[in-house]
Amino acid sequence: MNFSVRPARTSDVPMMQQLVEPLVQQRILLGKDSVVLYEAIQEFTVAVDEDGALIGCGALHVFWEDLGEVRTLAVAAGWLGRGVGSTLLRTLESAASTLGLTRLFCLTFEVDFFERNGYVASPLALVDPVVYAELVRSPDEGVAEFLDLARVKPNTLGNTRMLKHL
């Protein structure tokens, strides 16, 4: 079977939640309420099979002038190992370059996948102290996770911060 990628639509949100929920239950991904997904729908790209069924999703979130994050990258179990994740990732990286970003990071348990796609484990300090002071004011849970704030520690235990220079 073939698949294609496209920008996410609001009608994709329920299927995105169904796709991501098992990974949230396994504490692989952070859960997101429906309202958060709807608010961020323009950040998402989805993969669909020949019948239009959603088989993968991923988001690009801009952090700063040169830095973005790959978020909520998920692929349906039956499609793992068939290039869906890599295709989504390349699409997000292309969008990041178009926006002028030069670095992308992710917080992940899927280290091997991201290493195969050019990411490397990175130290915590991806931003200088002045930028950190600005980012710490963000209400976004992903930003809190990136900054390694104590309130999100239970969700991030054991994941790896990875970085790619575009």
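Above: the structure in question.
Conventions and cut-offs
- Residues numbered from 1 in each chain as written.
- Predicted model: local features only at pLDDT ≥ 70, side-chain atom pairs only at ≥ 80, totals over all residues.
- Heavy atoms only, no water.
- Pairing = 2+ DSSP bridges.
- Helix = DSSP H or I, 4+ residues; strand = E, 2+ residues; numbered from the N terminus.
- Phe/Tyr/Trp six-rings, centres within 6.5 Å; stacked < 30°, edge-to-face > 60°.
- Buried < 20%, exposed > 50% of the residue type's maximum accessible area, 1.4 Å probe, protein only.
- Lys NZ or Arg CZ within 6 Å of the ring centre and 35° of its normal.
- Contact = heavy atoms within 4.5 Å.
- Expected span 1.5 Å × (residues − 1).

Caption draft 1: View of the sheet that holds strand 6 (residues 120–121). Ordered by their spatial adjacency, seven strands build an open sheet running 1-2-3-4-5-7-6, and the pairing between neighbours is mixed. In this open sheet, the two edge strands, each paired with only one partner strand, are strand 1 (3–7) and strand 6. As paired strands, strand 4 (residues 67–75) and strand 5 (residues 103–108) are joined by three bridges and run parallel to one another. Within strand 5, the position partnered with leucine 67 by the bridge is arginine 103.

Caption draft 2: Fine view of the packing of aromatic side chains. Scanning the model with the defined rule gives four aromatic pairs in all. With a centroid separation of 5.1 Å and 75° between ring planes, the pair formed by phenylalanine 63 and phenylalanine 105 is classed as edge-to-face. Remark: phenylalanine 105 occurs in strand 5 and phenylalanine 63 occurs in the loop between strand 3 (54–62) and strand 4; sequence separation between them is 42 residues. Each of the two residues, phenylalanine 63 as well as phenylalanine 105, counts as buried. Ring geometry for phenylalanine 113 against phenylalanine 114: centres 5.0 Å apart, planes inclined by 85°, an arrangement best described as edge-to-face. The structure contains a cluster of three or more aromatic residues connected by ring pairs, namely Phe113, Phe114 and Tyr119. Taking NZ or CZ as reference, arginine 82 lies 4.1 Å from the ring centre of tryptophan 79, over its face.

Caption draft 3: Spotlight on the side chain of lysine 164. In this fold, lysine 164 is placed in strand 7 (residues 160–165). Those residues in contact with lysine 164 that sit more than four places away from it in its chain are Glu93, Thr102, Arg103, Leu104, Asn117, Gly118 and Tyr119.

Caption draft 4: Local environment of helix 3 (residues 84–99). With 16 residues, helix 3 ought to run about 22 Å at 1.5 Å a step, and its terminal C-alpha atoms sit 23 Å apart, in line with that. Within helix 3, burial applies to Val84, Gly85, Ser86, Thr87, Leu88, Leu89, Leu92, Glu93 and Ala96. Phi for glycine 100, located one or two positions after helix 3, is positive at around 95°.

Caption draft 5: Local environment of the environment of isoleucine 41. Mapped onto the secondary structure, isoleucine 41 falls in the loop between helix 2 (34–39) and strand 2 (44–49). Along the sequence, isoleucine 41 and valine 13 sit 28 residues apart, while their C-alpha atoms lie 8.0 Å from each other. If near-sequence neighbours (up to four positions away) are discounted, isoleucine 41 is found in contact with Ala8, Arg9, Thr10, Val13 and Met16.

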